[in-house]
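# Tertiary structure, described
So the chains spell out like this:
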Amino acid sequence: RAIVNEEIDIPDNAIVVTDPRLAKKMLSKKKIELIEEIKRSNPDSQKELAQKTKRKKQAVERDLRVLERLDIISLEKRGRKVKPKIEKEILVVGLC
């Protein structure tokens, strides 16, 4: 059933992307792996996340900053550590 010209309520844990090209950039394979690992293991730091995903810490930090700018995750400073936290669990992508 298609929704035509109907308003929908977007939950607080959702992000809406109207440009499919941006959604593709947001959801690179490596970024999806990071999101999945954060959700699965709740790492205490970016370093721990890099170790769990077998990626360089600098590459993980770069991808996390992108996800943070898009409000998909937050980065909580805890002393010298920075803990990634999932903020949005639903992605709605417009087709045009």
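A brief look at the structure comes next. (Residues numbered from 1 in each chain as written. Predicted model: local features only at pLDDT ≥ 70, side-chain atom pairs only at ≥ 80, totals over all residues. Heavy atoms only, no water.)

## A closer look at the nonpolar core
One finds Ile38, Leu49, Val60, Leu64, Leu67, Ile72 and Ile73 to be the most contacted residues of the largest nonpolar core, which totals 16 residues. Elements supplying a minimum of two residues to this core: strand 1 (14–17), helix 1 (20–26), helix 2 (29–41), helix 3 (46–53), helix 4 (57–69) and strand 2 (73–78). The contact partners of Leu64, leaving out residues within four places of it in the chain, are Leu34, Ile38, Gln46, Leu49, Ile73, Leu75 and Pro84. (Core = buried A, V, L, I, M, F, W, Y, C linked by side-chain atoms within 4.5 Å. Buried < 20%, exposed > 50% of the residue type's maximum accessible area, 1.4 Å probe, protein only. Helix = DSSP H or I, 4+ residues; strand = E, 2+ residues; numbered from the N terminus. Contact = heavy atoms within 4.5 Å.)

## Quick word on helix 2
Compared with the 18 Å implied by 1.5 Å per residue over 13 residues, the 18 Å span of helix 2 between its first and last C-alpha is a close match. Listing the buried residues of helix 2 in full gives Lys31, Leu34, Ile35, Glu37 and Ile38. Down the axis of helix 2, the smallest arc covering the buried residues is 165 degrees, so these residues share one side. Residues Lys29, Lys39 and Arg40 are exposed on helix 2 and point more than 90 degrees away from its buried face. Each element contacted by the buried residues of helix 2 is listed here: helix 1, helix 3, helix 4, strand 2 and strand 3 (81–86). Once helix 2 finishes, Asn42 follows within two positions and takes phi at roughly 50 degrees, a positive value. (Expected span 1.5 Å × (residues − 1). Arc of directions from axis to C-beta.)

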